[in-house]
Amino acid sequence: MTKVLLLGRLRDVAGWRERSIDPAPATLSALRDLLTREDAALGEALAGRGVQAAVNKAVTRGDIALNPGDEIAFLPPMSGG
Amino acid sequence: MTVRVQTEAFDAGALLSRFSAGRTGSGAVVSFTGIARDVTGGAAVATLELDAYPGFTEPAIEAMETEARARFEMQDVLIVHRHGPIQPGEAIVFVATAAEHRRAAFEAADYLMDRLKTEAPFWKKETGPDGERWIEPREPDYQDAKRWNRTS
């Protein structure tokens, strides 16, 4: 199982904030492909400028292998203050 | 603990008083308070809502604090940041720095705010009579943050 979290505007695009995907996709790109097949608008938003992915709360670059139980968060550009 | 991420409203004046109390070794205390506005870019704002990612947001801000301490001759720092719904006029963020001399205190507070504006893991949504809009850093925010790269 993979836990997927959407932050910021991504949650409005998708209409959800958190879900579990079972069985767990083998890689981050497989997860992106799966989400894009289900919801093209979300897929486009995930590929948008400045959107990062975090695996188990660490930002990752490029594609990586996923393990069952991983938590993947998709993060649009951040802004505090 | 000098980084607090909370949903509760806070009193910036009270935070500053507590931060400054008994500080006989600091010649300088600087504070910044960021406040939610009721109009941004000409559009009325009824509520500002900040989304955070618990377990990710706090360590990211703590890393900024660590870098600020390494970079400036700072004696102490306090960062308080709200998330959840925030009404116009309420404080969103509070940063206080203490140093022996003013320059380090000013610069550390300025540096921390530039980093927070462009890198703190929050996502902001404004709601008003015109609907909802997500707010991302503006180009001037990125330019402000880049100022610190020149000497690093």
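To keep things clear, this report deals only with the structure shown in the data block. Since this is a predicted model, take the numbers as computed values, not measurements.

**Some remarks on the side chain of Arg-115 of chain B**
Residue and element names in this part refer to chain B. Note that Arg-115 resides in helix H3 (residues 102–119). Residue classification places Arg-115 among the buried residues on the basis of a relative accessible area of 12%. Only 2.7 Å separates the side chain of Arg-115 from the side chain of Glu-67, close enough to count as a polar contact. Discounting chain neighbours no more than four positions away, the residues touching Arg-115 are Met-64, Glu-67 and Ala-120.

**Concerning H3 of chain B**
Residues and elements named next belong to chain B. The end-to-end C-alpha distance of H3, which contains 18 residues, comes to 25 Å, matching closely the 26 Å that a straight helix rising 1.5 Å per residue would cover. Residues of H3 that are buried include every one of Ala-104, Ala-105, Ala-108, Ala-109, Tyr-111, Leu-112, Met-113, Asp-114, Arg-115, Leu-116 and Thr-118, and no others. Taken together, the buried residues of H3 touch strand E2 (28–35), helix H2 (57–71), strand E6 (74–82), strand E8 (91–99) and helix H4 (139–146).

**Section: the sheet that holds strand E5 (residues 47–52) of chain B**
Residue and element names in this part refer to chain B. Taken together, four strands build an open sheet; the order of strands is E7-E5-E9-E10 and the sheet is antiparallel. Edge strands, defined here as strands with exactly one partner in the open sheet, are strand E7 (84–86) and strand E10 (131–135). The mean inter-strand angle of the sheet, taken between neighbouring strand axes irrespective of direction, is 25°. As defined by bridge partners, strand E9 (residues 122–128) adjoins E10 across five bridges and the pair is classed as antiparallel. Residue pairing across strands places Lys-125 opposite Trp-134, the latter belonging to E10.

**Let's talk about the pattern of salt bridges**
Residue and element names in this part refer to chain B. Tallied over the full model, the rule gives 19 salt bridges over all chains. Measuring nitrogen to oxygen at the nearest pair gives 2.9 Å for the salt bridge that ties Asp-76 to Arg-23. Taken as a pair, Asp-76 in strand E6 and Arg-23 in the loop between helix H1 (12–20) and E2 lie far apart in primary sequence, 53 residues in all. Judged by its relative accessible area of 22%, Arg-23 falls in the partly exposed class. Salt-bridge contacts for Glu-132 lead to Lys-125; the nearest nitrogen and oxygen are separated by 3.2 Å. Take Lys-125: its relative accessible area is 8%, and that puts it in the buried class.

About the cut-offs
- Residues numbered from 1 in each chain as written.
- Chains lettered and ligands numbered in written order.
- Predicted model: local features only at pLDDT ≥ 70, side-chain atom pairs only at ≥ 80, totals over all residues.
- Heavy atoms only, no water.
- Helix = DSSP H or I, 4+ residues; strand = E, 2+ residues; numbered from the N terminus.
- Buried < 20%, exposed > 50% of the residue type's maximum accessible area, 1.4 Å probe, protein only.
- Polar contact = N/O pair within 3.5 Å; in protein donor to acceptor, adjacent residues only side chain to side chain.
- Contact = heavy atoms within 4.5 Å.
- Expected span 1.5 Å × (residues − 1).
- Pairing = 2+ DSSP bridges.
- Axes fitted to C-alpha atoms, helices over the stretch in contact; angles between N-to-C directions.
- Salt bridge = Lys/Arg side-chain N within 4 Å of Asp/Glu carboxyl O.

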